[in-house]
Amino acid sequence: MIICSNCQSFFELPKDADDYAEGKGDCVREEKDEKGKFWLSKSTQENSTCSLFKAKH
Ligand code: SF4
């Protein structure tokens with residue numbers, strides 16, 4: 001299924017995280033521009049989806 005929990009960029013929040021909630025995680029993606037590589041991070045839910053989905057290996 002094309003949902004965040006099956007995506008390479010999804011990282012579940014640890015249970016002891018301050019903002020822990022069931023199904024909540026971070027979407028962390030590597031991006032590249034003319035200056036080099038950088039990381040983008042945003043909050044997401046395991047059953048969300050987006051067009052940047054990449055299946056886990
Ligand atoms: S928001 Fe998109 S890129 Fe990020 S984890 Fe979910 S499906 Fe993957």
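Details of the structure are given in the entry above.
The notes below deal with the structure included here. Keep in mind that this is a model prediction, so the values were computed, not measured.

1. Considerations on the sheet that holds strand S3 (residues 36-45)
A sheet is described by the order of its strands in space; here 3 strands give the open sequence S1-S2-S3, paired in antiparallel fashion. Edge strands, defined here as strands with exactly one partner in the open sheet, are strand S1 (10-12) and S3. Averaged over all pairs of adjacent strands, the angle between strand axes in this sheet comes to 25°, irrespective of strand direction. The pairing of strand S2 (residues 24-33) with S3 spans 10 bridges and is classified as antiparallel. Counted as the bridge partner of Glu 30 is Trp 39 from S3.

2. Side note on the pairing of S2
Relative to S2, S1 is paired through 3 bridges, and the arrangement is antiparallel. When the bridges of S2 are listed, Glu 12 appears paired with Gly 25. With antiparallel pairing between neighbouring strands as the criterion, S2 and S3 make up a hairpin whose turn holds 2 residues.

3. Thoughts on the environment of Lys 24
Mapped onto the elements of the fold, Lys 24 is located in strand S2. For the pair Lys 24 and Ile 2, spaced 22 residues apart in sequence, the C-alpha separation works out to 16 Å. Leaving out residues up to four positions away in the same chain, Lys 24 has contacts with Phe 10, Glu 12, Leu 13, Asp 19, Ser 43, Thr 44 and Gln 45.

4. Brief notes about the pattern of salt bridges
Using the criterion set out here, one finds 3 salt bridges in the structure. One salt bridge in this structure joins Lys 24 and Asp 19, with 3.8 Å as the shortest N-O distance. Two residues, Arg 29 and Glu 31, come together in a salt bridge whose shortest N-O distance is 2.5 Å. Assessed through its relative accessible area of 18%, Arg 29 is described here as buried.

Rules behind the numbers
Residues numbered from 1 in each chain as written. Predicted model: local features only at pLDDT ≥ 70, side-chain atom pairs only at ≥ 80, totals over all residues. Heavy atoms only, no water. Pairing = 2+ DSSP bridges. Helix = DSSP H or I, 4+ residues; strand = E, 2+ residues; numbered from the N terminus. Axes fitted to C-alpha atoms, helices over the stretch in contact; angles between N-to-C directions. Contact = heavy atoms within 4.5 Å. Salt bridge = Lys/Arg side-chain N within 4 Å of Asp/Glu carboxyl O. Buried < 20%, exposed > 50% of the residue type's maximum accessible area, 1.4 Å probe, protein only.

Don't take any of this as a statement about function, it's just geometry.
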